[in-house]
Amino acid sequence: MLTISVPATSANLGPGFDSIGLALDLQLTLTVLGPSQTWQVDHPYGPHVPSDARNLMIKTALSLVPNLQPQHVQVTSDIPLARGLGSSSTAIVAGLVLANELAKAPFTKQELLLKATELEGHPDNVAPAILGGLVVATYDHDQVQAVSLPAPDLYASVYVPNEELLTSASREALPSDLPFKQAIAGSSVGNTLVAALATQNWPVALQLVEQDQFHEQYRAKLVPALATIRQTAHDLGLVGTYLSGAGPTVVTLGQKADLERLQQQLKLNTSLTGQYQLLPVDATGINVHKS
Ligand SMILES: Nc1ncnc2c1ncn2[C@@H]1O[C@H](COP(=O)(O)OP(=O)(O)O)[C@@H](O)[C@H]1O
Ligand SMILES: N[C@@H](CCOP(=O)(O)O)C(=O)O
């Protein structure tokens, strides 16, 4: 029996657009039940997600190793689809790891990371999904450089709206160019955020996650909860709220007790109707278990 688990990820952390991501402790778990005539995927997502070889996980596996023997696999997951918690990256990574294990592991983690990044288009979800923890990464079309930083000793308050927002749709809200001055301002915030994260200077890091110049202002109209949650947190003296990935999930990083207060306040005093979670960081990344 082969079981593969891959964590959810929260990408961008504000100014780290397409390059910073944090693995969170929600898991997709794929179990191989055994060989089958055709690919069969038992999953919890309903009829709009294919259950055969057209499933993203299986398509991805076959793109790495085309001649795999079809299998019957079972998927369970706590990660909501199209909400900005990296579900497509977990599916891609699970598919690559599945192919690698079935083919007796010919690919290194770095090769899997490159393939996953090519498929996803950016490394900020797939890198922490593979490596766990906090990862800063860059991709230039034939190379990925991913650097792990110490996993923050913080929790994530995660607000998941009830409505989906596909990453592709949310990327359409972005401009094709940025004025030079704005790009400089954005990169100086991003660079300083990385320095603060690397030195575990959480007060500075939490301020800077709110100072993105690259994407939040363009996506804010798609995610009204971002302004509501940020303002509610400020009213409690808390900073560290950002749009998770392409949204619509909104994350606030901080100490567990502060985030419990925040969620209580949001539930009592706003009309937000989505789901709340309080999650630790996942420090492991992909986990393969054979029995
Ligand atoms: N486990 C899975 N199996 C098959 N398809 C999946 C799986 N997880 C995600 N997907 C596909 O990825 C889409 C969501 O991707 P995306 O828009 O990038 O959102 P997210 O922010 O969740 O990654 C889903 O609508 C579905 O088509
Ligand atoms: N940098 C990407 C991250 C997308 O993350 P997801 O979890 O929404 O898939 C972006 O902001 O578009």
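Keep in mind that what you see is a predicted model, and the values were worked out from it rather than measured.

Below, the discussion takes up the overall build of the protein chain. Scanning the protein chain from terminus to terminus reveals 10 helices and 11 strands. The C-alpha radius of gyration of the protein chain comes to 19 Å, within 12% of the 19 Å expected for a compact globule of 291 residues. Along the first, second and third principal axes, the C-alpha set of the protein chain runs to 60 × 40 × 35 Å. Considering only contacts in the protein chain between residues 6 or more positions apart, those separated by 24 or more positions represent 72%.

Within the secondary structure, His72 sits in strand β4 (residues 71–77). Sequence-wise, His72 and Gln37 are 35 residues apart; in three dimensions their C-alpha atoms are separated by 8.8 Å. Apart from the residues lying within four places of it in its own chain, the contact partners of His72 are Leu33, Gly34, Ser36 and Gln40.

Below, the discussion takes up the UniProt feature "domain: GHMP kinase C-terminal" (unreviewed entry) in the protein chain. Look at the UniProt record and you will see "domain: GHMP kinase C-terminal" (unreviewed entry) annotated at residues 194–267. Helix makes up 53% of residues 194–267 and strand makes up 11%, while its end C-alpha atoms are separated by 32 Å.

This next bit is on the site of ligand 1. Within the structure, ligand 1 sits among 20 residues, and Leu56, Ser87, Ser88, Ala91 and Thr167 are positioned closest to it. Contributing elements (two or more residues each) for the shell around ligand 1: α1 (56–64) and α2 (87–102). Per element, the largest residue contribution to the shell around ligand 1 is 4 residues, and it comes from α2. If you count residues domain by domain, the shell around ligand 1 takes at least three from each of domain 1 (2–150 + 282–290) and domain 2 (155–279).

Moving on: the environment of Ala183. Position of Ala183 relative to the elements: it lies in helix α6 (residues 180–198). For the pair Ala183 and Gln213, spaced 30 residues apart in sequence, the C-alpha separation works out to 7.5 Å.

Here the protein chain averages 97 in pLDDT, while 100% of its residues score no lower than 70. Prediction confidence for the complex, expressed as pTM and ipTM, is 0.97 and 0.99 respectively.

Before going further, it helps to examine the nonpolar core. In a soluble, globular protein the nonpolar side chains are often hidden away together inside. Counting residues in each nonpolar core, the largest one holds 76 residues, and the members touching the most others are Val93, Ala94, Leu96, Ala116 and Ile130. The element best represented in this core is α2, accounting for 8 residues. Taken domain by domain, this core gets at least three of its residues from each of domain 1 (2–150 + 282–290) and domain 2 (155–279).

For the rest of this paragraph, the subject is the UniProt feature "binding site: ATP" (unreviewed entry) in the protein chain. UniProt's entry tags Pro80, Leu81, Ala82, Arg83, Gly84, Leu85, Gly86, Ser87, Ser88, Ser89 and Thr90 with the feature "binding site: ATP" (unreviewed entry), counted in the numbering of this structure. Summarising the element assignment, Arg83 is placed in the loop between β4 and α2. By the C-beta count within 10 Å, which is 27 here, Arg83 ends up buried. In this structure Arg83 touches Val160, Glu164, Pro248 and Thr249, once residues within four positions along its chain are discounted.

Structurally, the protein chain comprises domain 1 (2–150 + 282–290) and domain 2 (155–279). Between domain 1 and domain 2, the C-alpha centre-to-centre distance is 24 Å. Taken together, the contact between domain 1 and domain 2 spans 24 residues of the former and 32 residues of the latter. Of all the elements in the fold, those that place two or more residues in the side of domain 1 that touches domain 2 are β1 (2–11), β2 (20–35) and β5 (134–139). Broken down by element, the side of domain 1 that touches domain 2 gets its largest block of residues, 3 residues, from β2. Classifying every residue of the side of domain 1 that touches domain 2 by side-chain character gives 14 nonpolar, 8 polar and 2 charged.

Lining the immediate environment of ligand 2, one finds 16 residues, of which Ala11, Gly84, Thr167, Gly245 and Ala246 sit closest. Within the residue set of the shell around ligand 2, elements represented by two or more residues are α4 (123–131) and α5 (167–172). Across the shell around ligand 2, the residue classes break down as 4 nonpolar, 9 polar and 3 charged. The residue makeup of the shell around ligand 2 includes at least three contributed by each of domain 1 (2–150 + 282–290) and domain 2 (155–279).

Looking at the secondary structure, you find Val239 in the loop between α9 (225–235) and β8 (241–243). C-beta crowding within 10 Å serves as the criterion here: with 18 such atoms nearby, Val239 is assigned to the partly exposed category. Spatially, the C-alpha atom of Val239 lies 27 Å from that of Pro179, the residues being 60 residues apart in sequence.

Let's shift gears to the packing of α1 against α2. Closest axis-to-axis distance for the α1/α2 pair is 7 Å, and the angle between their directions is 45°. Looking at the two axes, α1 sits oblique to α2. In this structure, α1 meets α2 at a crossing whose hand is right-handed. The residues of α2 that touch α1, namely those facing Leu56, Met57, Ile58, Thr60, Ala61 and Leu64, are Ser88, Ala91, Ile92, Ala94, Gly95, Leu96, Leu98 and Ala99. Class assignment of the residues belonging to the contact of α1 with α2 gives a composition of 11 nonpolar, 3 polar and no charged.

Analysis parameters
- Residues numbered from 1 in each chain as written.
- Chains lettered and ligands numbered in written order.
- Predicted model: local features only at pLDDT ≥ 70, side-chain atom pairs only at ≥ 80, totals over all residues.
- Helix = DSSP H or I, 4+ residues; strand = E, 2+ residues; numbered from the N terminus.
- Rg over C-alpha atoms; globule rule 2.2 N^0.38 Å.
- Contact = placed C-beta atoms within 7 Å.
- UniProt positions renumbered as here; feature names shortened; annotations may be inferred.
- Near = placed C-beta within 6 Å.
- Domains from an automatic or database assignment.
- pLDDT = per-residue confidence, 0-100.
- Core = buried A, V, L, I, M, F, W, Y, C linked by C-beta atoms within 7 Å.
- Buried ≥ 20, exposed ≤ 12 C-beta atoms within 10 Å, placed from the backbone.
- Nonpolar A, V, L, I, M, F, W, Y, C, P; charged D, E, K, R; others polar.
- Axes fitted to C-alpha atoms, helices over the stretch in contact; angles between N-to-C directions.
- Parallel < 35°, antiparallel > 145°, perpendicular 65-115°, else oblique.
- Left-handed = near helix turned anticlockwise from the far one by under 90°.

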